[in-house]
Amino acid sequence: MGFQPGVICGLLTTASVELGAGGGLVGLAIARACRLEKRIYITDQEPMFSLMEANIELNNLTPNATAAILNWGEPIPSQVPSKPDVILAADCVYFEPAFPLLITTLQDLLGPNSVCYFCFKRRRRADLRFMKMAKKAFDMEEIRDDPGAESYNRENIFLYTIRAKRSGPKKE
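Residues numbered from 1 in each chain as written. Predicted model: local features only at pLDDT ≥ 70, side-chain atom pairs only at ≥ 80, totals over all residues. Heavy atoms only, no water.

> Any details on the sheet that holds strand 6 (residues 138-142)? Residues and values, ideally.
If you trace the 7 strands from one edge of the open sheet to the other, you get 3-2-1-4-5-7-6, paired in mixed fashion. Each of the sheet's edge strands pairs with one partner strand only, and the pair in question is strand 3 (65-69) and strand 6. Direction aside, neighbouring strands of the sheet carry axes that sit 25° apart on average. Strand direction decides the pairing type here: strand 6 and strand 7 (residues 157-164), joined by 5 bridges, are antiparallel. Within strand 7, the residue paired with F138 across the bridge is A164. Docked against the sheet, helix 4 (residues 99-109) engages strand 1 (16-19), strand 4 (86-90), strand 5 (115-121), strand 6 and strand 7, running at close to 180° with respect to strand 1. (Pairing = 2+ DSSP bridges. Helix = DSSP H or I, 4+ residues; strand = E, 2+ residues; numbered from the N terminus. Axes fitted to C-alpha atoms, helices over the stretch in contact; angles between N-to-C directions. Contact = heavy atoms within 4.5 Å.)

Printed below as a string of C-alpha cells:
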C-alpha cells in the first residue's frame, strides 16, 4: 500500500507519534485533515516545545494534538504513547551524531503492530550511513506506488515504511 493522504487518516485510529517535529507541521496537518479518534503526539527536544504548543493552540488543535519533549536515545517519556500504531518521521536525518539515538528511539517505540512512515531526503553520504544502520535494525520498505513519487524522488526525497524486525526465516 502506498502513501496516500486518504489512507493515512484511516490508519490513525490509535494514538500516533511524530518524531523530530520541529514546529509540528506534519502532525498538525494530520490533526487538521483527519478526524482522529485519538491524539497525535508531536515530539521534539525542549527548545522546540513552546513552538509546538503555540502552533497547536494557534490552529485550534488542542483536542487532537499534544506537544511532548522526546530526546532521542533517552527513555520514552510517560506522556508519549508506548508502541503506537503509527509513527511519523519527516526529515529527521540531518545530524550524524544523532543517527544511533534515532535508531534507539525507533526501537523503543516500534511494537509488533507499529509502522513508521519515514520521509528521507538524501543530502550527503552520511545520510546513506543512517539508512544502512536502519536497514540492519528494522524491516524497511521503500514506498514506490505513490503517484507523486517520481516528482519527489527527483529531489532526492524518499518515503519508507519502517517496522520492527520480525523473528523467523528471512524473505528472499
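> Can you lay out the environment of D85 for me, pointing to particular residues and giving the numbers?
With respect to the helices, strands and loops of the structure, D85 is situated in the loop between strand 3 and strand 4. By relative accessible area, D85 is classed as partly exposed at 26%. Along the backbone, D85 and N113 are 28 residues apart, and their C-alpha atoms lie at a distance of 6.0 Å. The contact partners of D85, leaving out residues within four places of it in the chain, are T14, A15, N113, S114 and V115. (Buried < 20%, exposed > 50% of the residue type's maximum accessible area, 1.4 Å probe, protein only.)

> Any chance you could break down helix 2 (residues 25-33) for me, citing the residues and the numbers?
For helix 2, the set of buried residues is G27, L28, I30 and A31. Buried residues of helix 2 fall within an arc of 160° about the axis and therefore sit on the same side. The exposed set on the far side of helix 2, more than 90 degrees from its buried face, consists of L25, R32 and A33. (Arc of directions from axis to C-beta.)

> Lay out helix 4 with the relevant residues and their values.
Among all positions of helix 4, only F99, L102, I103, T105, L106 and L109 are buried. One side of helix 4 carries all its buried residues, which in axial view fall inside an arc of 165°. Contact partners of the buried residues in helix 4: strand 1, strand 4, strand 5, helix 5 (125-137), strand 6 and strand 7.

> Tell me about the packing of aromatic side chains, and name the residues and values.
Tallied over the entire structure, the rule returns 2 aromatic pairs. Among the aromatic residues, ring-to-ring pairing joins F99, F118 and F130 into one connected group. (Phe/Tyr/Trp six-rings, centres within 6.5 Å; stacked < 30°, edge-to-face > 60°.)

> How would you sum up the side chain of T105? Please name residues and give values.
With respect to the helices, strands and loops of the structure, T105 is situated in helix 4. By relative accessible area, which is 0% here, T105 ends up buried. With residues up to four places along the chain from it excluded, the contact list for T105 reads L19, L70, N71, W72, G73 and I76.

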